[in-house]
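# Structural features, examined
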2 protein chains.
Amino acid sequence: MLDRIGDKWTTLIVLILADGTLRFSELRSHMGNRIAPKVLTQTLRRMEIDGLITRQVFAEVPPRAEYTLTDLGLSLIEPLAAIGDWAEVNAAALLAARARAGDSSAT
Amino acid sequence: MLDRIGDKWTTLIVLILADGTLRFSELRSHMGNRIAPKVLTQTLRRMEIDGLITRQVFAEVPPRAEYTLTDLGLSLIEPLAAIGDWAEVNAAALLAARARAGDSSAT
DNA sequence: CGGAATCCTAGAAGATACTG
DNA sequence: CAGTATCTTCTAGGATTCCG
């Protein structure tokens, strides 16, 4: 299952939806539109299958689709946020480590 | 950085090394030998570059190499374990969700 | 023992264009 | 608006073999 969490976007989507239900394009803009619609759809489908989110489609014009975290999805917020915090706190350390690794000329 | 955590083995390795320094083959057997040596090496190298582990090689015969978590690596244990727990606790729910998704014939 | 070298596959991710 | 379709690229991961 960790592989699911590990894919590039799932974690981000969970954290974004943590603030509440969003529609497809809202979700996408919250991600800076850096994700291709196909990839977003794909990711959302996987998350739906895994029971992390629910997808509610409205038969309207213009069409509307809303994505909401399930209880299972909600329960993921905490541990995921913990890692997010870790990454944030240690961002500098990581960059330093990588720089060091690429720089063998230690004086 | 989350992508690094997301790869298939890094999380597992951190949690295994949490119990203490291990050598290449020990590490591998702790993973049930389910990982190809190439992949293990590759993963360990990435982790080294990211400053999560240190690699100490002994110029002996037979050769020995020991892997130890750095402070940075140690700091990852908690949040990673949190996700591990989550996955364990919700394993059943996940399977159920997937089964449901593949089975539209709800009676 | 601890890797490195080689070859291969699956699938995630991205760009672009199109449709109900 | 919310996708789908198609094509392409990239690389993690895997199996096997060989070497110091």
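First things first, this report covers the structure right here in the doc.

Definitions and limits used
Residues numbered from 1 in each chain as written. Chains lettered and ligands numbered in written order. Predicted model: local features only at pLDDT ≥ 70, side-chain atom pairs only at ≥ 80, totals over all residues. Heavy atoms only, no water. Helix = DSSP H or I, 4+ residues; strand = E, 2+ residues; numbered from the N terminus. Rg over C-alpha atoms; globule rule 2.2 N^0.38 Å. Buried < 20%, exposed > 50% of the residue type's maximum accessible area, 1.4 Å probe, protein only. Areas by Shrake-Rupley, 256 points an atom, 1.4 Å probe, with all protein chains shown as cover. Lys, Arg positive; Asp, Glu negative; His and termini not counted. Charge placed at Lys NZ, Arg CZ, Asp CG, Glu CD. Contact = heavy atoms within 4.5 Å. Least-squares fit on C-alpha atoms with pLDDT ≥ 70 in both. Near = heavy atom within 4 Å. Polar contact = N/O pair within 3.5 Å; in protein donor to acceptor, adjacent residues only side chain to side chain. Nonpolar A, V, L, I, M, F, W, Y, C, P; charged D, E, K, R; others polar. Pairing = 2+ DSSP bridges. Axes fitted to C-alpha atoms, helices over the stretch in contact; angles between N-to-C directions.

Before going further, it helps to spend a moment on the overall build of chain A. Looking only at helices and strands, one finds five helices and three strands in chain A. Of the regular secondary structure in chain A, the N- to C-terminal order runs α-α-β-α-α-β-β-α. Taken over the C-alpha trace, chain A has a radius of gyration of 17 Å; the compact-globule value for 107 residues is 13 Å, which it surpasses by more than 25%. Projecting the C-alpha coordinates of chain A onto the three principal axes gives extents of approximately 65 × 25 × 20 Å. Here chain A holds 107 residues, and 36% of them are scored as buried. Accessible surface, chain A: about 6100 Å² in total, of which carbon and sulfur atoms supply 54%. Each charge class in chain A was averaged separately, 12 positive and 13 negative side chains, and the resulting centres sit 9 Å apart.

Once that is clear, we can look at the environment of Gly51(B). For Gly51(B), the position within the fold is in the loop between α4 (37-49) and β2 (53-58). For Gly51(B), a relative accessible area of 15% translates into the label buried. In sequence terms Gly51(B) and Phe24(B) are 27 residues apart; their C-alpha atoms lie 18 Å from each other. Those residues in contact with Gly51(B) that sit more than four places away from it in its chain are Ala97(A), Thr70(B), Leu72(B) and Gly73(B).

Of the transformation superimposing chain B on chain A, the axial component is 0.1 Å and the angular component is 180°, with the fit at an RMSD of 0.1 Å. Accordingly, the operation relating the two chain copies is best matched by a two-fold axis. Across chain B, the smallest distance between a C-alpha and the rotation axis is recorded for Gly6(B), namely 1.7 Å. In this assembly the copies share their binding face: 100% of the residues contributing to the interface of chain B also contribute to that of chain A.

Let's shift gears to the protein's contact with DNA strand C. The environment of DNA strand C is made up of 20 residues, and the closest members are Lys8(A), Lys38(A), Ser25(B), Arg55(B) and Tyr67(B). A breakdown of the atoms of DNA strand C within 4 Å of the protein gives sugar and phosphate a share of 69%. Within the contact set of DNA strand C, a base oxygen lies 2.6 Å away from a side-chain nitrogen or oxygen of Lys38(A). Side-chain polar atom of Ser25(B) to a phosphate oxygen of DNA strand C: 2.4 Å apart, as the coordinates give it. The set of elements that each furnish at least two residues to the surface near DNA strand C consists of α4 (37-49) of chain A together with α3 (24-30), α4 and β3 (64-69) of chain B.

It is worth spelling out the protein's contact with DNA strand D at this point. Close to DNA strand D lie 20 residues, the nearest being Ser25(A), Arg45(A), Tyr67(A), Lys8(B) and Lys38(B). Near-protein atoms of DNA strand D (within 4 Å) split between backbone and bases, with sugar and phosphate holding 65%. Measuring from a phosphate oxygen of DNA strand D, one finds a side-chain N or O atom of Ser25(A) at 2.5 Å. Sorting the residues of the surface near DNA strand D by element identifies α3 (24-30), α4 and β3 (64-69) of chain A together with α4 of chain B as the ones contributing at least two each. For the surface near DNA strand D, a count of residues per class yields nine nonpolar, two polar and nine charged.

Think of a sheet as strands paired side by side through backbone hydrogen bonds, with each pair either parallel or antiparallel. Residues and elements named next belong to chain B. Sheet architecture is open: three strands sit in the order β1-β3-β2, paired in antiparallel fashion. In this open sheet, the two strands that pair with only one neighbour each are β1 (22-23) and β2. Two strands pair when backbone bridges link them, and β1 and β3 are joined in this way by two bridges, in the antiparallel orientation. Residue Leu-22 lies in a different strand from β3, and its bridge partner there is Tyr-67. Relative to β3, helix α2 (residues 10-17) is tilted by about 95°, and along the sheet it contacts β1, β2 and β3.

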